[in-house]
Amino acid sequence: MHLDHDNSPGIGSGSHHRQGFPPVVPGSRPLRIGIGGPVGSGKTALVAALCRALTGRVSLAVVTNDIYTTEDADFLRAAGVLEPTRIAAVQTGCCPHTAVRDDISGNLDAVEDLEAAHGDLELVIVESGGDNLTMTFSRGLADVQLFVIDVSGGDKVPRKGGPGVTRSDLLVVNKTDLAPMVGADLGVMDRDAARMRPGTPVVFLSLRGETGAAPVTEWVLAQLAAWQAGTAVPVAADAAVALGAVPAYPAADSAAGPAAAPAAASAALPTAAG
Amino acid sequence: MGAGLLLLGDSRLPAGGHAHSGGLENAVARGEVHDLDTLTDFLLGRLYGSGAVQGAFAACAALVAGPYALDAHGPWAELDTELDARTPSAPSRAASRAQGRSLRRIARAAWPEEPWTALGVSPHHAVVLGAAATRARLDEREAAVLAVTNTVNGPASAAVKLLSFDPIAVTVVLAEMAGHCDQVAEEAADAARTVHADGDWDRLPAWSAPGLDVCAELHAREEVVHFAS
């Protein structure tokens, strides 16, 4: 039975096109990078440093999700690195996490508006409001994401794990210059981070040091180059493939009444007999 | 009544609703809402002011959309204009359109063969909701129920976040209000049927709650806000 033509009841359209989940072709639109992390870990300072480092090399814009004020956006403007029309602030309704993961529509609107206003955009940075170690960006919002923690939260943070630590594409351990003062052992953090996220990169950073944000800037430029070359992993396409495993819904105006479940669904679901 | 109603009525529907308080944040900031009694009063104002109008427009949009395929040539522009005229506060219109844009994004993804562009890029939320309801196999009364309950559920959820209310106590307030919601939705759907039959779009209900317009205007002037509206 072809899933397009089955008559089982459903609510979605049954189209295989799934326009809401277009397999995003890397390079077909600006790269979207999410920057998340706990309150005070240095997300905004890192974004400002990235803006300074990338201005003149990359056409970029920033969406900030600060919980309380437009202070983050003002901070970036005051830094003089981005013109105000390239900064958008999103209100998150007391739930910074929701706005970047469960209901990304406010951020999507902001990103799409920036893309429409600046035809030359290559990179959009979405900075979340401060949250906890479970903060992750939806892949529907961010193509790649980095997670910022800092040493003053204690050197046990990496081994606590949480999706922010374990699933981000880059883990940034910030404020390493404070390590001696707060008694944080960077070796322990390095070892724990490597154990919690094998095969994915960790960067130790001190924006007050000589190198500043250089390691993160290089990582961002590498991500952007891969994106623009079309060699980045199209995550949304992965999602579409996964969704393809779900039996397609019939059209809403399907004339048929209740019918047997789609064969694919029956086959996919464990049965009592099985 | 079916899964479609629960789908579109679910507060977890990723259509941006979580970031809107429907004026409640400002009412809290000015001390007008501070306990369950004042919250109840606020929600009743939402229900009979905004809810009655949103319900009628959602129901009318459902009738315009039609049960089989979205009518691209329906009077979408007329509904848009009429709802603009019933939303005197510009920030309120912006909030409605922002949520409409988000809901349209979902509708386009779920029912991509339908001509959603006919509704415009940022249609009013109630209008998209009514149209999407028909795609979810709902009728005009159910579309009205969705729109009406949406006008109280969002602020109630915001109140839990802003005032640390017991969420169970707030749910009790909503439970006691459910009968009112059904009644308002029923009347909204009746009004929409009459208007749809005659094509007199300017005769859609025009209840108002000026206090909510004031909340929306003051909210938009605030420097420190948690919610988009």
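Just so it is clear, the model here is predicted, and its values are computed rather than measured.

The rules we used
- Residues numbered from 1 in each chain as written.
- Chains lettered and ligands numbered in written order.
- Predicted model: local features only at pLDDT ≥ 70, side-chain atom pairs only at ≥ 80, totals over all residues.
- Heavy atoms only, no water.
- Helix = DSSP H or I, 4+ residues; strand = E, 2+ residues; numbered from the N terminus.
- Polar contact = N/O pair within 3.5 Å; in protein donor to acceptor, adjacent residues only side chain to side chain.
- Contact = heavy atoms within 4.5 Å.
- pLDDT = per-residue confidence, 0-100.
- Expected span 1.5 Å × (residues − 1).
- Bend = angle between axes of the 7 residues up to and from the residue.
- Axes fitted to C-alpha atoms, helices over the stretch in contact; angles between N-to-C directions.
- Parallel < 35°, antiparallel > 145°, perpendicular 65-115°, else oblique.
- Nonpolar A, V, L, I, M, F, W, Y, C, P; charged D, E, K, R; others polar.
- Pairing = 2+ DSSP bridges.
- Salt bridge = Lys/Arg side-chain N within 4 Å of Asp/Glu carboxyl O.
- Buried < 20%, exposed > 50% of the residue type's maximum accessible area, 1.4 Å probe, protein only.
- Phe/Tyr/Trp six-rings, centres within 6.5 Å; stacked < 30°, edge-to-face > 60°.
- Core = buried A, V, L, I, M, F, W, Y, C linked by side-chain atoms within 4.5 Å.
- Disulfide = S-S within 2.5 Å.

Quick notes on the side chain of Gln145 of chain A
Residue and element names in this part refer to chain A. Checked against the element boundaries, Gln145 lands in strand S5 (residues 144–150). A polar side-chain atom of Gln145 sits 2.8 Å from the main-chain amide nitrogen of Phe137. Apart from the residues within four sequence positions on either side, Gln145 is in contact with Gly34, Thr136, Phe137, Arg139, Ser168, Asp169, Leu170 and Trp219.

Side note on the confidence of the model for chain A
Predicted coordinates in regions of low pLDDT should not be interpreted in detail. Chain-level pLDDT for chain A is 81 on average; 75% of the residues reach the 70-or-more range. Every residue in residues 234–274 of chain A is under pLDDT 50, and counting partners more than four places away or in other chains gives 60 contacts.

Here's the deal with helix H7 (residues 140–163) of chain B
Residues spaced three or four apart along an α-helix point in a common direction, a consequence of the helix completing one turn every 3.6 residues. Residue and element names in this part refer to chain B. For H7, with 24 residues, the first-to-last C-alpha span of 35 Å sits near the 34 Å given by 1.5 Å per residue. Of all the bends in H7, the greatest measures close to 30 degrees and is centred on Asn150. Two or three places before Arg141, at the opening of H7, Asp139 has a side-chain oxygen 3.1 Å from that residue's backbone nitrogen. Of the residues trailing H7, Ser164 is marked for its positive phi of about 55 degrees.

Regarding the packing of helix H4 (residues 105–117) of chain A against helix H5 (residues 90–110) of chain B
Where H4 of chain A contacts H5 of chain B, the axes come no closer than 10 Å and their chain directions differ by 95 degrees. When the axis of H4 of chain A is compared with that of H5 of chain B, the two are roughly perpendicular. Where H4 of chain A approaches H5 of chain B, its residues Ser105, Leu108, Asp109, Glu112 and Asp113 of chain A are matched on the opposing element by Ala98, Arg101, Ser102 and Arg105 of chain B. Considered class by class, the residues forming the contact of H4 of chain A with H5 of chain B number two nonpolar, two polar and five charged.

Details of the sheet that holds strand S1 (residues 31–36) of chain A
Residue and element names in this part refer to chain A. A sheet is described by the order of its strands in space; here seven strands give the open sequence S3-S2-S4-S1-S5-S6-S7, paired in parallel fashion. Taken across any chain shown, the strands that pair with only one partner, and hence form the sheet edges, are strand S3 (87–89) and strand S7 (202–204). Here the strands of the sheet are splayed against their neighbours by 20 degrees on average, with no regard to which way each runs. Direction of pairing for S1 relative to S5: parallel, over a ladder of four bridges.

Things to note about the pattern of salt bridges
All told, the structure shown has 24 salt bridges over all chains when counted by the stated rule. Of the charged contacts, one joins Glu112 of chain A and Arg101 of chain B as a salt bridge, the two residues approaching to 3.6 Å between their closest N and O atoms. Here Glu112 of chain A, found in helix H4, pairs with Arg101 of chain B, found in helix H5, and the two come from separate chains. A salt bridge links Arg208 of chain A to Asp177 of chain A; the nearest nitrogen and oxygen atoms lie 3.9 Å apart. Note that Arg208 of chain A is positioned in the loop between S7 and helix H9 (214–229) and Asp177 of chain A in the loop between strand S6 (170–174) and helix H7 (179–182), a separation of 31 residues in sequence. For Arg208 of chain A, a relative accessible area of 76% gives the class exposed. Exposure remark for Asp177 of chain A: the relative accessible area of 28% places this residue in the partly exposed category.

Quick notes on the packing of aromatic side chains
Residues and elements named next belong to chain B. Considering all chains together, one arrives at one aromatic pair over all chains under this definition. Seen in terms of ring centroids, Trp111 and Trp116 are 6.5 Å apart; in terms of plane orientation they differ by 40 degrees. Their pairing is tilted. Each member of the pair, Trp111 together with Trp116, is buried.

A short note on the nonpolar core
By size, the foremost hydrophobic cluster in this structure holds 69 residues, and its most contacted members are Trp76 and Leu79 of chain B. The greatest single-element share of this core, amounting to 15 residues, is contributed by helix H3 (residues 36–65) of chain B. By size, the runner-up hydrophobic cluster in this structure holds 34 residues, among which are Leu31, Leu50, Cys51 and Leu146 of chain A.

So, the pairing of S1 of chain A
Of all six residues in S1 of chain A, six are buried; the element is thus mostly enclosed. Of the two faces of S1 of chain A, the one carrying Leu31, Ile33 and Ile35 of chain A and the one carrying Arg32, Gly34 and Gly36 of chain A are both buried.

Details of the state of the cysteines
As used here, a disulfide is simply a covalent bond connecting the sulfur atoms of two cysteines. Across all of its chains, the model carries zero disulfides over all chains by this definition. Of all cysteine sulfurs in the structure, the one in Cys94 of chain A sits closest to Cys95 of chain A, which takes part in no disulfide; the separation is 6.5 Å.

Digging into the pairing of S5 of chain A
All names here are of chain A. Most of S5 is tucked away, with seven of its seven residues classed as buried. Residues Val144, Leu146, Val148 and Asp150 line one face of S5 and the alternating positions Gln145, Phe147 and Ile149 line the opposite face, and both faces are buried. Examined bridge by bridge, S5 and S6 share five bridges and lie parallel to one another. From the neighbouring strand, Ile149 faces S6, where its bridge partner is Val173.

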